[in-house]
Amino acid sequence: MTLLEPRTWDGQVFSGGWVRSHGGDAPIVEPATGKELGRSGVADAEDVARAAAAATEAQRDWATTSFEERAAVLRRAGSLIEQNADELHSWMIRETGSIPGMVQFATHVASQECYEAAGLASRPIGDILPTAQPRLSLLQRVPIGVVGVISPFNAPLILSSRSVAPALALGNAVVLKPDPRTPVSGGMVLARVFEEAGLPAGLLHVLPGGADVGAALITDPRIGAISFTGSTATGRKVAALAAEHLKRVHLELGGNSALIILDDVDVDRAVSAGAWGSFLHQGQICMTTGRHIVHESVADAYVAALAGHADALPVGDPASGQVALGPLIDENQRDKVHGLVTSSVDAGARLAAGGKYEGLFYRPTVLDEVSTAMPAYANEVFGPVAPVVRFSSAEEAARLAADSSYGLSLGILTSDVGRGLALAEQIPTGIVHINDQTVNDEAVAPFGGVLDSGTGARFGGTANLDAFTNQRWITLRGDIAPYPF
Ligand code: NAD
């Protein structure tokens, strides 16, 4: 069996069966070559309305389907991702510009999300509550109904599956809107996987499209909650529209994560971790190390070695299997990255490596002599750029790391774990790694940020139970309750 051939999504969207989209179709462009890989349907608000209606209908039966059947569908989905990984990898490398290691990681996490979600289906669905009355008082978790999922381009399979899988497992239907640049990796793959896994028709709809389609998901009264992953700027718009429609919304937003390098590190190991944190997937990861905060006693050695590392990394077409970095997703992203780098250099930063590009291939870049106000340090770059600032005391390191509107991930490298933990306590983030860089993901761990990085950790473990169910209070008593009148 092949999951993706023939490419039945040409000019179509998946809405409980492959249907022609009302918004027409659009090319799927390979960022490394500019070639058209296929065409994808582009949904419009009418498609969203039809999908939401069909999902509402299908969800009633799904909610009463036994947990064993729901879990079996999720297990089969996880297994199908694993069995078809080679085919998925070759597509995802071309559509997203990821190197092979990155897409292997993506299919691994996506299959684990499905297996973890399968386990969620059999979790207890409530609690017995204390009550001051002679009655039984219960908390019951009930499915939300239809969940809307909006995902970005950068790690599309992971970011769609981590919401789609638990939402389905807990008895919901899903309308998924992937980024229009990555409709296959972020959407059609899951449609095909769940189709083959035996998910009943009407429960998962994949509607690629832009902001208008996202807005239609938020405003549709049949969609009970939105799981949004994307930039902070868009997240604010999503939150505002959701508030107007009194809709539950989970927000997983941007980051500008710090990696603190203390004075007691092995510099070579620290540089390797720092390079991975900033350059993996061309820096297009929400947890990317965006700020290197380095003790002044090791900073010169660190910058020199990081620049050497950056200069040595091969950049090119990831389909060759021979490169460490592939292309940025498109010209807009490249121009944004280059603008942040050049304006920082204009403001006095020293370009220790990179700062150049060819087409969408941006060289891994190291900026030294950076001040905290410089654009490449103060903003989320979402490109392969490592700005370095220096500190002289632990207090200064904590103050620098905490001085950000974002609060997603934090890495601290030190040979004294206790010192690292004490430092981490002073810096508000949703994720902390002592002796690792900032980019990590496991389906069993909570994932999410504070401050402008989102509404807090919710993926992983039981957090998904809260995210994709509503809580209902139920009381039972033997006789009708007595009243004074
Ligand atoms: P983006 O915000 O531009 O787009 C994300 C999604 O929102 C896309 O599907 C897009 O089509 C849709 N969208 C755009 N405007 C919308 C609107 N007005 N209403 C509803 N939907 C709308 O993000 P991007 O640039 O594609 O992705 C990169 C960003 O995502 C970075 O900031 C990155 O840090 C963040 N991100 C966060 C996480 C996380 O878990 N915290 C994970 C990955 C990426």
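Residues numbered from 1 in each chain as written. Predicted model: local features only at pLDDT ≥ 70, side-chain atom pairs only at ≥ 80, totals over all residues. Heavy atoms only, no water.

J.: For this particular structure, what's the right way to read the overall build of the protein?
T.: Counting secondary structure elements, the protein contains 15 helices and 23 strands. For the C-alpha atoms alone, the extent of the protein along its principal axes is close to 75 × 60 × 40 Å. Expressed as a percentage of contacts within the protein between residues at least 6 apart in sequence, the contacts between residues at least 24 apart total 72%. Total accessible area on the protein stands at roughly 19,000 Å², and carbon and sulfur atoms take up 53% of it. Mean positive and mean negative side-chain charge positions of the protein (35 and 53 charges, respectively) differ by 6 Å. (Helix = DSSP H or I, 4+ residues; strand = E, 2+ residues; numbered from the N terminus. Contact = heavy atoms within 4.5 Å. Areas by Shrake-Rupley, 256 points an atom, 1.4 Å probe, with all protein chains shown as cover. Lys, Arg positive; Asp, Glu negative; His and termini not counted. Charge placed at Lys NZ, Arg CZ, Asp CG, Glu CD.)

J.: Sorry, what's going on with the nonpolar core here?
T.: If you look at soluble globular proteins, the nonpolar side chains tend to sit buried side by side. Ranked by internal contacts, the top residues of the largest apolar core, which has 90 residues, are Val 164 and Phe 194. If sequence neighbours within four positions are ignored, Phe 194 has contacts with Val 73, Leu 74, Ala 77, Cys 114, Val 164, Leu 168, Leu 199 and Leu 204. (Core = buried A, V, L, I, M, F, W, Y, C linked by side-chain atoms within 4.5 Å. Buried < 20%, exposed > 50% of the residue type's maximum accessible area, 1.4 Å probe, protein only.)

J.: Explanation requested: the site of the ligand in the structure shown.
T.: The local shell around the ligand holds 29 residues, among which Ser 151, Arg 162, Ser 231, Leu 253 and Glu 380 are the closest. The separation between an oxygen atom of the ligand and a polar side-chain atom of Arg 181 is 3.4 Å. One nitrogen or oxygen atom from the side chain of Glu 380 is found 2.6 Å from an oxygen atom belonging to the ligand. Look at the ligand: alone it shows 850 Å² of surface, and the protein chains cover 89% of it. Every element with two or more residues in the shell around the ligand is listed here: helix H5 (156-169), helix H7 (211-219), strand E10 (223-229) and helix H8 (232-244). Across the shell around the ligand, the residue classes break down as 13 nonpolar, 10 polar and 6 charged. (Near = heavy atom within 4 Å. Polar contact = N/O pair within 3.5 Å; in protein donor to acceptor, adjacent residues only side chain to side chain. Nonpolar A, V, L, I, M, F, W, Y, C, P; charged D, E, K, R; others polar.)

J.: Please explain the side chain of Ser 15 as it appears in this structure.
T.: Tracing the chain through its elements places Ser 15 in strand E1 (residues 12-15). Looking at Ser 15, its side chain comes within polar contact range of the side chain of His 205, at 2.9 Å. In this structure Ser 15 touches Ala 51 and His 205, once residues within four positions along its chain are discounted.

J.: I'm lost on the pairing of strand E11 (residues 248-252) in this one. Help?
T.: It is a general feature of regular strands that their side chains alternate between the two faces of the sheet. Here E10 runs beside E11; their pairing, made up of 5 bridges, is parallel. Across the sheet, residue Ser 227 finds its bridge partner in E11, namely His 250. Handedness of the crossover joining E10 and E11 through H8: right-handed. (Pairing = 2+ DSSP bridges. Right-handed = clockwise from strand over helix to strand, strands pointing away.)

J.: Which parts of the structure should I look at to understand the pattern of salt bridges?
T.: Working definition: two side chains of opposite charge can pair if their charged atoms are close together. One pass over the structure, following the stated rule, counts 19 salt bridges. Taking the shortest distance from any N to any O, the salt bridge between Arg 60 and Glu 57 comes out at 3.3 Å. In this pair, Arg 60 and Glu 57 are both assigned in helix H1 (residues 45-64), 3 residues apart and thus about one turn of the helix distant. With relative accessibility at 53%, the residue Glu 57 sits in the exposed group. The residue Asp 300 makes a salt bridge to Arg 390 at a minimum N-O spacing of 2.7 Å. With Asp 300 in helix H10 (residues 296-312) and Arg 390 in strand E18 (residues 385-391), this residue pair connects regions lying 90 residues apart in the sequence. Note on Asp 300: relative accessible area 56%, which makes it exposed. Linked through salt bridges whose partners overlap, the residues forming this network are Asp 300, Arg 350, Asp 368, Glu 369 and Arg 390. (Salt bridge = Lys/Arg side-chain N within 4 Å of Asp/Glu carboxyl O.)

J.: Looking at this model, I keep getting lost on the packing of aromatic side chains. Mind explaining?
T.: Two descriptors summarise a pair of aromatic rings, namely the distance from one centre to the other and the angle between the planes of the rings. Per the counting criterion, the structure on display carries 3 aromatic pairs. When the centroid spacing of 4.8 Å and the interplanar angle of 70° are considered together, the rings of Phe 14 and Trp 18 count as edge-to-face. Ring centres 5.9 Å apart and planes at 90° place the aromatic pair Phe 153 and Phe 382 in the edge-to-face group. Of this pair, Phe 153 sits in the loop between strand E7 (146-150) and H5 while Phe 382 sits in the loop between helix H12 (375-378) and E18, placing them 229 residues apart in sequence. Accessibility assignment for this pair places Phe 153 and Phe 382 in one class, buried. (Phe/Tyr/Trp six-rings, centres within 6.5 Å; stacked < 30°, edge-to-face > 60°.)

J.: In this structure, what is going on with H1? I would like to understand it.
T.: In an α-helix, one full turn covers 3.6 residues, which means residues spaced three or four apart are oriented alike. End to end, H1 covers 29 Å across 20 residues, agreeing with the expected 28 Å (1.5 Å per residue, within 8%). Along H1, the largest kink reaches about 30° and is centred on Ala 58. Of the positions making up H1, those classed as buried are Asp 47, Val 48, Ala 51, Ala 52, Ala 55, Ala 58, Gln 59 and Trp 62. By the N-cap criterion, in which a side-chain oxygen at the helix start approaches the backbone nitrogen of a residue two or three places on, H1 is capped by Asp 44, the distance to Glu 46 being 3.0 Å. (Expected span 1.5 Å × (residues − 1). Bend = angle between axes of the 7 residues up to and from the residue.)

J.: What is the right way to look at helix H2 (residues 67-83) in this model?
T.: With 17 residues, H2 should reach 24 Å at 1.5 Å per residue; the first-to-last C-alpha distance of 24 Å fits that figure. Those residues of H2 lying buried are Arg 70, Ala 71, Ala 72, Val 73, Leu 74, Ala 77, Gly 78, Leu 80 and Ile 81. Residues of H2 that are buried in the fold lie against H1, helix H3 (85-96), helix H4 (100-120), H5 and helix H6 (183-196).

J.: Where do I start with a nonpolar patch on the surface in this structure?
T.: A surface patch of nonpolar side chains, about 300 Å² in accessible area, is lined by Ile 128, Leu 136 and Leu 476. Structurally, Ile 128 is set in strand E5 (residues 126-129). Judged by relative accessible area, Ile 128 falls into the exposed class, the value being 65%. (Patch = residues over 30% accessible without salt bridge, like charges linked within 9 Å, V, L, I, M, F, W, Y side chains within 5 Å.)

J.: When you look at the packing of H2 against H6 in this model, what are you seeing that I'm missing?
T.: Between two packed helices, the angle of one axis relative to the other and the distance separating the axes together describe the packing. Direction vectors running N to C along H2 and H6 enclose 125°, while the axes themselves pass 8 Å from each other. Classified by the angle between their axes, H2 and H6 sit oblique to one another. Crossing handedness for the pair H2 and H6: right-handed. Residue-level inspection shows Val 73, Leu 74, Ala 77, Leu 80 and Ile 81 of H2 in contact with H6, the latter providing Val 193, Phe 194 and Glu 196. Class assignment of the residues belonging to the contact of H2 with H6 gives a composition of 7 nonpolar, no polar and 1 charged. (Axes fitted to C-alpha atoms, helices over the stretch in contact; angles between N-to-C directions. Parallel < 35°, antiparallel > 145°, perpendicular 65-115°, else oblique. Left-handed = near helix turned anticlockwise from the far one by under 90°.)

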